[in-house]
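Descriptive structure summary
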Number of protein chains: 2
Amino acid sequence: MTTMSNRYQSDSGRKRPTMKNVADLAGVGIKTVSRVVNDEPGVSEATRQRVMRATEQLQYQLDITAGSLKRSGRKTQSIGLLLPSVSNPFSGEIHRAMEDALAVRGIAVFAASLDDDPDRERKLISAFLGRRVDGLVLTTIAKSQAYMIPEHSRDLPLVFVDREPAGIEADAVVTDNEIGAAKAAAHLIQHGHTRLAYLGDRTDIQTAGRRRTGFLDGVGKAGISTSGVAVRENLHDEETAFRAAHELLTSENPPTAVFSSQNLVTFGAMRALRALGLHHKVALIGFDDFTLADMMDPGITVIAQHPERIGKLAAERILARIDGDESPAQTYVIPTELIQRGSGEIRPQADAGK
Amino acid sequence: MTTMSNRYQSDSGRKRPTMKNVADLAGVGIKTVSRVVNDEPGVSEATRQRVMRATEQLQYQLDITAGSLKRSGRKTQSIGLLLPSVSNPFSGEIHRAMEDALAVRGIAVFAASLDDDPDRERKLISAFLGRRVDGLVLTTIAKSQAYMIPEHSRDLPLVFVDREPAGIEADAVVTDNEIGAAKAAAHLIQHGHTRLAYLGDRTDIQTAGRRRTGFLDGVGKAGISTSGVAVRENLHDEETAFRAAHELLTSENPPTAVFSSQNLVTFGAMRALRALGLHHKVALIGFDDFTLADMMDPGITVIAQHPERIGKLAAERILARIDGDESPAQTYVIPTELIQRGSGEIRPQADAGK
DNA sequence: CTGAAAGCGCTAACAA
DNA sequence: TTGTTAGCGCTTTCAG
């Protein structure tokens, strides 16, 4: 036993020291160590010093996961964040904003990528639940999140970002997709366009559907028949978007203005316009801003979202729920912003008509 | 007691069920439940079925954090990933590659942003250690990581990404910065340039220093005096890079080719070249590839890195260390690739000389 | 094939 | 101001 405790006299020990080791070295009870390392009151300055010294000598690190086992509320000080992909810039911004807001409370974040795959969604949620996260913030893809009702009713805080949940009532923080897309339609029409095209993402992605609806509504409200709008959907990457745009632009009655519902689609459309030498002739507005959009030729007009605001608000909501906020679930809508850079202000060409 | 256990007969219970609850419902011992949920052998098919049924009925979720308390090796099945920023695309790619490689082993990742701030580095490492991560993968900024020696000698697996550690021996996975930068120098010189400029990031960032060294070495090896190379450093964002580039290009004896050590610096340089109408006259090569580089006018020639490969290899190394690999620490170098897109192939202009 | 007992590192509740 | 006891949910050990 003496040898055993001697192993903790120096910091070269192999095993990680426990509270008990610190207590023994400082000659106090274990609860006193707990009070000191948790900054709880009720410890004399003298003992506090002794304990601190022992802590440093042993390089002691409080095990917060062990503590959470018995702590009231069993908080693990961690949350799970499920995103389309951590490598996606939009997701990255949300992630970063959340991290900053949660760090001040000492909450760490587990991040994972769903790849818009319902199977992954279930598995990753399960993996996080097994780690007893204090809450979940997620961008879901499954048709319904009703399968989470049992967890939610067990007081698992839930906040949806970018997409609203289906089949379950929970907070959500989303972009104003409809209005943003409608703004794009209005802007194009205001610049004289009547032959419009909508290039959209997978129809099972909620935001894509809303942008489509918003765009067509905007067209309709301007008194233009929506049946004349060329709609191409289920474009999930640059390549398919390029092909769809190329086909549309070389068709018999090509659009004079294009709206793309997402960055990759915007990129595909940009490439098609270039390939056909139409980038200064056909208007383009993309949903979601991107790096260097202003450096393109022409600059790309976009409906910008605010991922930092989404992330910050989502963090605030999950914290409120963790702290026991029981108010009814609510959806928070973050407005978009039309940024004019040139491509969206191109007017229909005289010779473009049939 | 009867009321108590009845609360777990249905899945509408408020509290999260424990193994004991499942055991009671299935009429078996707790250890049997443990065996079933952990897929351990030695349980008859009949009992296994009974336990599974109870598990589903109660919506039981194994608490892996509680289990790790006593499990041999005390593995928490989680690792900590410290990046410059989760919102940085390069970091995002590394993150994603690691996530994919670790997911197959059921390891979750805590991600955090350091902002190249040594204070944050210490605090975040500490936060992760407190959660008893099985390993740490990090892009550090502090001058020395010697302060982690105690932890490392306590068998905490450590892998450095993008930057090599100082003051401690540990695995590292880095880009071939020197050779990549030297390639840029050789490429520019090969295209006839002799008046070169180097625009670099903060000098306390290891990769920046190495790219500078590599670039100057490359210049020297080509038989050109390095004293003629205009060097501007400590450019950490687009704005400062823009100003430095602008100043350089409007100086008395301006460079005919520019090398920028990092994306934001590249963007600043691109803007300066445009502002001065020199984008088709002065050559530019940027270190690190970026989205839409090929869509710029001219396309931007870059020294591309391979963040996915870095992330994948880093994940493999941390897994090997977690599994007990005791071989000497090693640095793995991932090669770069010169991608010609136009900006790097511009020749010095006849009228550009003095 | 199954289960009872001990205890992982810590905090809550209560004593002293 | 301090310490003792019980026990969080699980895995280990070891006995049936």
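Cut-offs applied
Residues numbered from 1 in each chain as written. Chains lettered and ligands numbered in written order. Predicted model: local features only at pLDDT ≥ 70, side-chain atom pairs only at ≥ 80, totals over all residues. Heavy atoms only, no water. Contact = heavy atoms within 4.5 Å. Buried area = accessible area lost by both parts, 1.4 Å probe. Salt bridge = Lys/Arg side-chain N within 4 Å of Asp/Glu carboxyl O. Polar contact = N/O pair within 3.5 Å; in protein donor to acceptor, adjacent residues only side chain to side chain. Near = heavy atom within 4 Å. Nonpolar A, V, L, I, M, F, W, Y, C, P; charged D, E, K, R; others polar. Pairing = 2+ DSSP bridges. Helix = DSSP H or I, 4+ residues; strand = E, 2+ residues; numbered from the N terminus. Axes fitted to C-alpha atoms, helices over the stretch in contact; angles between N-to-C directions. UniProt positions renumbered as here; feature names shortened; annotations may be inferred. Buried < 20%, exposed > 50% of the residue type's maximum accessible area, 1.4 Å probe, protein only. Least-squares fit on C-alpha atoms with pLDDT ≥ 70 in both.

This part takes up the interface of chain A and chain B. In this complex, chain A contributes 59 residues to the contact, which on the side of chain B involves 59 residues. Both faces considered, chain A and chain B share a buried interface measuring about 5300 Å² in area, 47% of it formed by carbon and sulfur atoms. In this structure, the connection of chain A to chain B is made through 14 salt bridges. Viewed at the interface, chain B and chain A are joined by 32 residue pairs in polar contact (both at pLDDT 80 or more).

This paragraph deals with the protein's contact with DNA strand D. By nearness alone, 27 residues border DNA strand D, and Gly29 and Thr32 of chain A together with Met19, Lys31 and Tyr60 of chain B come closest of all. Here Ser34 of chain B contributes a side-chain N or O atom positioned 2.8 Å from a phosphate oxygen of DNA strand D. Ala66 of chain B is positioned such that a nitrogen or oxygen atom in its backbone is 3.3 Å from a base nitrogen of DNA strand D. Split by residue class, the surface near DNA strand D holds nine nonpolar, ten polar and eight charged.

Our focus in this paragraph is the sheet that holds strand 12 (residues 337-339) of chain A. All names here are of chain A. The mixed open sheet is built from six strands, whose spatial order is 7-6-8-9-10-12. Two strands close off the open sheet at either side, each with one partner strand: strand 7 (230-232) and strand 12. When strand polarity is set aside, the average angle formed by the axes of neighbouring strands in this sheet is 15°. Bridge count between strand 6 (residues 196-199) and strand 7: three bridges; the pairing is parallel. Bridge pairing in strand 7 links Ala197 to Ala230. Relative to strand 9 (residues 283-287), helix 9 (residues 177-190) is tilted by about 170°, and along the sheet it contacts strand 6, strand 8 (257-260), strand 9, strand 10 (301-304) and strand 12. Here helix 10 (residues 206-221) sits on the sheet and contacts strand 6, strand 7, strand 8 and strand 9; the angle it forms with strand 6, its principal contact strand, is near 170°.

Our next topic: the UniProt feature "domain: HTH lacI-type" (unreviewed entry) in chain A. According to UniProt, the feature "domain: HTH lacI-type" (unreviewed entry) maps to residues 17-71 of chain A in the numbering used here. Helix and strand shares over residues 17-71 of chain A are 67% and 0% respectively, and the end C-alpha atoms of the span are 21 Å apart.

Two side chains that carry opposite charge are able to pair once their charged atoms sit near each other. What the rule picks out here adds up to 53 salt bridges over all chains. Measuring nitrogen to oxygen at the nearest pair gives 2.6 Å for the salt bridge that ties Arg271 of chain B to Asp294 of chain A. Of this pair, Arg271 of chain B sits in helix 12 (residues 263-275) while Asp294 of chain A sits in the loop between strand 9 and strand 10, each in a different chain. Taking relative accessible area as the criterion, Asp294 of chain A reaches 37% and is therefore assigned partly exposed. For Arg96 of chain B, the salt bridge is made with Asp100 of chain B, and the minimal N-O distance between the two is 3.2 Å. Of the two residues, Arg96 of chain B and Asp100 of chain B both sit in helix 6 (residues 89-103), four residues apart, roughly one turn of that helix. According to the relative accessible area criterion, Arg96 of chain B is buried, its value standing at 11%. Within the structure, one salt-bridge network assembled from shared partners comprises Arg96, Glu99 and Asp100 of chain A together with Asp115 and Arg120 of chain B.

This part is about the relation of the copies chain A and chain B. Relative to chain B, chain A is turned by 180° and slid 0.0 Å along the rotation axis, the superposed coordinates differing by an RMSD of 0.1 Å. One copy is carried onto the other by what is essentially a two-fold rotation axis. Every residue of chain A has its C-alpha some distance from the rotation axis, and the shortest such distance is that of Phe110 of chain A, at 2.2 Å. Of the residues that chain A buries at the interface, 100% are likewise interface residues in chain B, meaning the two copies contact each other through the same surface.

The subject of this paragraph is the protein's contact with DNA strand C. Every one of the 27 residues lining DNA strand C counts as a neighbour, but Met19 and Tyr60 of chain A together with Thr32, Arg35 and Ser44 of chain B are closest to it. Each atom of DNA strand C within 4 Å of the protein was assigned to sugar, phosphate or base; sugar and phosphate come to 63%. The side chain of Arg35 of chain B places a nitrogen or oxygen atom 2.6 Å from a base oxygen of DNA strand C. Looking at the surface near DNA strand C, the elements that each hand over two or more residues are helix 3 (30-37) and helix 5 (64-70) of chain A together with helix 3 (30-37) and helix 5 (64-70) of chain B. Here the element with the most residues in the surface near DNA strand C is helix 5 of chain A; it accounts for four residues.

This next bit is on the sheet that holds strand 10 (residues 301-304) of chain B. Residues and elements named next belong to chain B. Across the sheet, which stays open at both edges, the six strands sit in the order 7-6-8-9-10-12 with mixed pairing between neighbours. Looking at which strands have only one partner, the edges of the open sheet turn out to be strand 7 (230-232) and strand 12 (337-339). The average undirected angle you get between the axes of adjacent strands in this sheet is 15°. When strand 10 meets strand 12, the two strands line up antiparallel, connected through three bridges. Bridge pairing links Val302 to Ile339 in strand 12.

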